[in-house]
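# Structural characterization, general
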Amino acid sequence: MNTIAEQEVIPNYKSIKIAIWLYFLLWIFEGALRKWILPSLATPLLIVRDPIAIFILFRAFYMGVKFVNMYVVLSSIFTLLSLAITFTFGHENMFVGIYGARIMLLHFPLIFVIGAVFTKEDILKMGRAMLAITILMTLIIYFQFTSPQTAYINTGLGGEGSAGFDGAMGYFRPSGTFSFTTGLSAYYILASVFVFYFWLSKEACSKILLISSTIALIIALPITVSRTAVLGVLLVGFFAFLGSSTSLKSIIRVVLTVVVIGVLFAILQKTTTVFSLGTEVFMSRVDTANGQEGGSIIKRSIDGFTEPFETLLKAPLFEGNLGMGTNAGAQLLTGKRSFLVSEGELNRIGGEQGLILGGGLVFLRLIFACGLFYSSIKLPSKFKLLPLTFCGTALFLITQGQWAQPSMLGCSVIAAGLLVASLNINLTTE
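The following paragraphs examine the structure supplied in this document. Since we're looking at a predicted model, the values are computed, not measured.

On to unusual backbone geometry, then. For E92, which is not a glycine, the phi torsion comes out positive at approximately 65°. With respect to the secondary-structure elements, E92 resides in the loop between helix 4 (70–89) and helix 5 (94–107). On the basis of relative accessibility, which here comes to 52%, the residue E92 falls in the exposed class.

The next thing to look at is helix 2 (residues 14–37). Its 24 residues place the ends of helix 2 only 29 Å apart at the C-alpha level, less than the 34 Å of an ideal helix rising 1.5 Å per residue. Taken as a whole, helix 2 carries its principal kink of about 50° at F29.

This next bit is on the packing of aromatic side chains. Each aromatic ring pair is characterised by the separation of its centres together with the angle its planes make. Within the structure shown, the criterion is met by 19 aromatic pairs. Seen from their ring centres, W21 and F24 are 5.6 Å apart, and the 80° between their planes marks the pair as edge-to-face. With W21 and F24 both in helix 2, this residue pair falls 3 residues apart, about one helical turn. Residue W21 is classed as partly exposed on the basis of its relative accessible area of 24%. Seen in terms of ring centroids, F24 and W27 are 6.0 Å apart; in terms of plane orientation they differ by 50°. Their pairing is tilted.

Our focus in this paragraph is a nonpolar patch on the surface. Taken together, the side chains of F61, V68, M70, V73, L74, I77 and L81 present a nonpolar region at the surface, about 620 Å² in accessible area. Per-element accounting of the nonpolar patch gives the leading share, 5 residues, to helix 4. Note that L74 resides in helix 4. Judged by relative accessible area, L74 falls into the partly exposed class, the value being 30%.

Inspection of the entire model under this criterion finds 9 salt bridges. The residue R49 makes a salt bridge to E30 at a minimum N-O spacing of 3.8 Å. In this pair, R49 sits in the loop between helix 2 and helix 3 (50–62) while E30 sits in helix 2, placing the two residues 19 residues apart along the sequence. Comparing R49 with E30, the two get one shared label, buried. Where E203 meets K120, a salt bridge forms, and the shortest distance between an N and an O atom there is 2.9 Å. Note that E203 is positioned in the loop between helix 8 (181–200) and helix 9 (207–223) and K120 in helix 7 (residues 120–146), a separation of 83 residues in sequence. Several salt bridges share partner residues, and in doing so they unite E345, R348, E352 and R365 into one network.

A few words on the side chain of S147. Examined against the element boundaries, S147 turns out to sit in the loop between helix 7 and strand 1 (165–168). In this structure the side chain of S147 is engaged in a polar contact, spanning 2.5 Å, whose partner is the backbone oxygen of F143. Residues in contact with S147, not counting those within four places in the same chain, are I153 and N154.

The rules behind these values
Along every chain, residues carry numbers that run from 1 in the direction the sequence is written. Only residues with pLDDT of at least 70 are given local features in this predicted model, and only at 80 or more are side-chain atom pairs given and counted; all residues enter the totals for whole chains, interfaces and linings. Hydrogen atoms and water are omitted, and side-chain values are computed over all heavy atoms in the structure. Only DSSP runs of H or I reaching four residues or more are called helices, and only runs of E reaching two or more are called strands; each is numbered from the N terminus. In this scheme, a residue with accessible area under 20% of its type's maximum is buried, one over 50% is exposed, and one in between is partly exposed, where area comes from a 1.4 Å probe on protein chains only. By definition here, a helix of n residues has an expected span of 1.5 Å times n minus one. In this scheme, the bend at a residue equals the angle between the axes fitted to the seven residues that finish there and the seven that begin there. Working definition: rings of Phe, Tyr and Trp (its six-membered ring) pair if their centres are within 6.5 Å, and the pair is stacked with planes under 30 degrees apart, edge-to-face with planes over 60 apart, and tilted otherwise. Candidate patch residues must exceed 30% relative accessible area and have no salt bridge, after which like charges are joined if within 9 Å and Val, Leu, Ile, Met, Phe, Trp or Tyr side chains if within 5 Å. Surface accessibility follows the Shrake-Rupley procedure with a 1.4 Å probe radius. Residue values consider only the protein chains on display as shielding. Should a side-chain nitrogen of Lys or Arg be within 4 Å of a carboxyl oxygen of Asp or Glu, the pair is scored as a salt bridge. Here a polar contact is taken to be a pair of N or O atoms separated by no more than 3.5 Å, where protein atoms must pair a possible hydrogen donor with a possible acceptor and residues adjacent in sequence count only if both atoms sit in side chains. In what follows, residue pairs with any heavy atoms lying within 4.5 Å of each other are defined as contacts.

Okay, structure coming up:
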């Protein structure tokens, strides 16, 4: 009788979970729709996940999901006030303003819906799906990397031009199924969370799938020609080892994982031509970029935190530029895709909304990230691994992820949502 009563109390979130899975798949394959399948609809497909987000929020309200908190309330207030200022004293373009406002009004709250309705098994199911998709993604970028930019697989948005970005030695950075290479880098960093987690935990996962996806990840990193992807995966690995190194047994597991990855790397370097070529191209890209782009990527990341505060202090109290900092907003206003405000995320927020409202949102996101990290490290040792591994990517995406770019926004929502869900797991049921 107790079991039946408990089953009656537990809400059935199946419809919300299905919608979240659809959001997840559209994040990964939105670029494929815009490049290969429905190129004539490339522009409208920019917001292909927005109707899903609206459905999830309304369904969550209807089912009484407790996702409205201080972060959702304050971010909504800041955004709505900024939208009013934009319509009254700013650029006054309704479509641009709404496009900018939807980031915090529609997508940001999804983080807390995912966190409230996903169980640990839901998280792991999504993880296993990412492991399988990683194998497919690596096959795609292999052909993109080795094919000329005129090949169909390298077709750009709308079926025009090339989706590749300058790399090194005449090779281009592939974009995979994403619109731009930034989305691909973010994908591999998030996928690496599950690669490390399944190696370091005792959770069930097909060894064939895990080994295959690990090899796919190792092969992919150099041929992405992306410093962000490589550094991001290393950062995830650091957080994973931090979360797992709590006993002699777990330390041994960590050492074995490092050895396995090292052996796979050495074998691939000796036996796989594309891997050794990719490594050479990647190292050339690192040398070139460090000389041309003002220093290492670590320095750029640090500047990404410090520069916005210097800019904010010089900014007007209020700005009416909401949506102008997105490429889509710039195209609607000027007819061409460009960064009218700033390419950096925190600078974009300040430039769009000013010192008071923009600074409030920047501060909110930083506090949110710090809170998630604190909640992760204070967990009992046996529960730290999953949330801390997610911290390796989610914290950066929350604080510096380019949410104006649809792929990065989708990845940030999924990564942060899964982190919140891993913290919300009822420890008594573990």
